[in-house]
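Given next are the chains, with one letter for each unit.
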Amino acid sequence: MTDSSNNLSAHSVLKTKKYLAKNLANQATSLTLIEDLHLISLKGNAKERAFAATLKSLLGVALPRQPNRANNNEDLSVLATGSNEWMIVSNETDDSTFTKKLSSALSGFHHSAIDISDSLSAFSLSGPNTKDVLTKGCSLDLYSKDWRKGSCARCFYAQCETIIWQKESAPHFYLFVPNSLADYVFNFLLDALDEFSIK
């Protein structure tokens, strides 16, 4: 039997490095670690009207009809991350209840709903230089007229599989990264931010 109390998660490692985000207090562009998000990977047939209607009734938000788009209400967001694949992002504190409700509501449909809250780290990046910072690590055209609030994409940021989502027009972005790569991506973001830091 192993002593789990000595195990360090990716989240706990990142918490100890918060002080490195020196832009937090005095920089226009800020980077923070977002904690306590509830994330669910959902797959199903969006063309099945009953499936889409059931989800809208349960979540209070419709599935995005366009790829790489997100719909949201005050409680949660649904990101279209692939063909018939979405990621539900919420601040729901009772993870087990939320997941059970979803699984129960979709029991009559061919689907997959997996809680991935513990497998991804989430970063918030906001401020006037945000798009410049992100462009340093990925090839997405964030200045395109087609990219706007609610846009999202699964891509490679700093050669790491990442989901990038523009949450607000400000701009304000969320990045979702596998825990095993989170420390590396965090450091890459800090280096990218350094150009815009106050000297």
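A. A look at the overall build of the chain. Scanning the chain from terminus to terminus reveals six helices and ten strands. Sorting the 199 residues of the chain into buried and exposed places 45% on the buried side. Per element, the accessible surface of the chain, about 10900 Å² overall, is 49% carbon and sulfur.

B. Geometry of the sheet that holds strand β3 (residues 70-72). With respect to topology, five strands assemble into an open sheet ordered β3-β4-β5-β2-β6, the strand pairing being antiparallel. Unpaired on one side and paired on the other, β3 and β6 (112-115) mark the two borders of the sheet. Across the sheet, the mean angle from the axis of one strand to that of its neighbour is 20°, orientation sign disregarded. With three bridges connecting them, β3 and strand β4 (residues 76-82) associate as antiparallel partners. Bridge pairing in β4 places asparagine 71 opposite valine 78.

C. Spotlight on the side chain of glutamate 85. Along the chain, glutamate 85 falls in strand β5 (residues 85-90). A polar contact is formed between the side chain of glutamate 85 and the side chain of arginine 154, at a distance of 3.4 Å. Those residues in contact with glutamate 85 that sit more than four places away from it in its chain are Ser41, Leu42, Lys43, Leu79, Ala80 and Arg154.

D. Summary view of the packing of aromatic side chains. Counted by the stated rule, this structure contains seven aromatic pairs. With 5.7 Å between their ring centres and 50° between their planes, phenylalanine 123 and phenylalanine 186 make a pair best called tilted. Linking phenylalanine 123 in strand β7 (residues 120-126) with phenylalanine 186 in helix α6 (residues 179-194), this pair joins segments that are 63 residues apart in sequence. The two residues phenylalanine 123 and phenylalanine 186 agree in class, both being buried. A ring pair is formed by tryptophan 147 and phenylalanine 173, whose centres lie 6.4 Å apart and whose planes are at 10°; its orientation type is stacked. You can see tryptophan 147 sitting in the loop between α5 (130-135) and β8 (152-157) and its partner phenylalanine 173 sitting in strand β10 (residues 172-178), a full 26 residues away along the chain. When sorted by exposure, tryptophan 147 lands in the same class as phenylalanine 173, which is buried. Taken together, Phe51, Trp86 and Phe109 form an aromatic cluster joined through their ring pairs. Lysine 131 extends its terminal NZ or CZ atom over the ring of tyrosine 143, reaching a point 5.5 Å from the ring centre.

E. Representation of unusual backbone geometry within the structure. Cis peptide bonds are those with omega within 30 degrees of zero, and the linkage from alanine 170 to proline 171 qualifies with 10°. With respect to the element layout, proline 171 can be found in the loop between β9 (160-168) and β10. You will see that glutamine 159, though not glycine, has its phi angle at about 65°, which is positive. By the element assignment, glutamine 159 lies in the loop between β8 and β9. You can call glutamine 159 exposed: its relative accessible area is 75%.

F. A look at the sheet that holds β7. Reading across from one edge, β1-β7-β10-β9-β8 is the order of the five strands in this open sheet, with antiparallel pairing throughout. The open sheet has two edge strands with one neighbour each: β1 (30-34) and β8. Each adjacent strand pair in this sheet contributes to an overall mean axis angle of 30°, direction not counted. Where β8 meets β9, six bridges bridge the pair, whose relative direction is antiparallel.

Cut-offs and rules
Residues numbered from 1 in each chain as written. Predicted model: local features only at pLDDT ≥ 70, side-chain atom pairs only at ≥ 80, totals over all residues. Heavy atoms only, no water. Helix = DSSP H or I, 4+ residues; strand = E, 2+ residues; numbered from the N terminus. Buried < 20%, exposed > 50% of the residue type's maximum accessible area, 1.4 Å probe, protein only. Areas by Shrake-Rupley, 256 points an atom, 1.4 Å probe, with all protein chains shown as cover. Pairing = 2+ DSSP bridges. Axes fitted to C-alpha atoms, helices over the stretch in contact; angles between N-to-C directions. Polar contact = N/O pair within 3.5 Å; in protein donor to acceptor, adjacent residues only side chain to side chain. Contact = heavy atoms within 4.5 Å. Phe/Tyr/Trp six-rings, centres within 6.5 Å; stacked < 30°, edge-to-face > 60°. Lys NZ or Arg CZ within 6 Å of the ring centre and 35° of its normal.

Function cannot be inferred from these measures alone, as they are strictly geometric.
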